[in-house]
Amino acid sequence: MTYPAIRLRRTRATSWSRALHRETVLTPADLIWPLFVTAGTGVEEPIASLPGVSRWSVDLIVARAREAIALGIPCLALFPNTPQTLRSEDGAEALNPENLMCQAIRAIKQACGDDIGVLTDVALDPYTSHGQDGLVDAAGYVRNDATLDVLVGQSLNQAAAGADVIAPSDMMDGRIGAIRDALEDAGHANVQIMSYAAKYASAFYGPFRDAVGSSGLLKGDKKTYQMDPANAEEALREVELDLAEGADSVMVKPGLPYLDIVRRVKDAFEVPVFAYQVSGEYAMIEHAVAAGAGDRDALVLETLLAFKRAGCSGVLTYHAAHAARLLG
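Bear in mind that the values here come from a model prediction, so they are computed numbers and not experimental data.

Asker: Quick rundown of the packing of aromatic side chains? Include the residues and the values.
Answerer: Aromatic rings considered in pairs are described by the distance between their centres and by the relative angle of their planes. Scanning the entire structure with this criterion turns up eight aromatic pairs. Both rings, one in Phe-79 and one in Phe-208, keep their centres 5.2 Å apart while their planes meet at 90 degrees; by these two values the pair is edge-to-face. Of the two residues, Phe-79 is situated in strand β4 (residues 75-80) and Phe-208 in helix α6 (residues 206-211); the sequence distance between them amounts to 129 residues. A relative accessible area of 1% places Phe-79 in the buried class. A relative accessible area of 10% places Phe-208 in the buried class. On the numbers, 6.0 Å between centres and 45 degrees between planes, the contact of Tyr-276 with Tyr-318 is tilted. Placement of Tyr-276 in strand β9 (residues 273-277) and of Tyr-318 in the loop between β10 (314-317) and α11 (320-327) is noted, with a sequence separation of 42 residues between them. The exposure class assigned to Tyr-276 is buried, which follows from its relative accessible area of 0%. Residue Tyr-318 is classed as buried on the basis of its relative accessible area of 7%. Through pairs of rings, three or more aromatic residues link up here, namely Phe-36, Phe-79, Phe-208, Tyr-276, Tyr-282 and Tyr-318.

Calculation criteria
- Residues numbered from 1 in each chain as written.
- Predicted model: local features only at pLDDT ≥ 70, side-chain atom pairs only at ≥ 80, totals over all residues.
- Heavy atoms only, no water.
- Phe/Tyr/Trp six-rings, centres within 6.5 Å; stacked < 30°, edge-to-face > 60°.
- Helix = DSSP H or I, 4+ residues; strand = E, 2+ residues; numbered from the N terminus.
- Buried < 20%, exposed > 50% of the residue type's maximum accessible area, 1.4 Å probe, protein only.

Take a look at the structure:
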């Protein structure tokens, strides 16, 4: 049969019919809200390169957790802005059970219990004086195997504080297996690992590095461990290895420029796939809105829906609270 017997516009003619035939549904339960932790009490520090996003002291992070629960957001992702005086060549502050990350984890769990999940970043860039995600040798090359020991210690530190999901973003080879074994041995069998399995050496990370205070410190680039944006097959290899080593879910980062990778990973492995709508993507939307080039509400919901349509189980986005209110 052909037109006019078939008219695809019939089911689009009314709002109730469009809702009935909608293939992809976005809800607040699909969102993870990234938050930046800073030192002090009662502190909110707006981030100039991320309009509308702030760093929060631990007490105000707890307030954000309660806000997320009320909005139906199931999980927070935490990132610390470590004071410069505590950053070092070896990133030792990552192992301190009283660091900002651990303080925030404990405070959220004490206040909210299991009403919300806490996902924690595992990498050394918020703790090193050189801004790299791992330990470096004399030539500035990031040492893979030596870094693993520190990442394992960092993961155990966060798990002991109450983290629900460990999310290694460092892209060192073998780190998922090492962390999984350590969590099992330490009695943290139910702590999940969400691996940044396909994390690209992207130009979209600039505002994030401002937020965690590493942009002015970074020496060199991260191309020897983060993925080449030209590669897709390699992403599948990375995902396959991380799943074999014990990852419960995987992440693609950045988001919108890599929806093809999301789809390929979902089709190949049929596992929970998440994407990070990164700082540069968020900033582009906000600057477009400020320039009168688009409507914030429409842009936010359309981009988030695109992640779900591509196969994501959920999305890390700085627009999480705003989107949840729109979807409420």
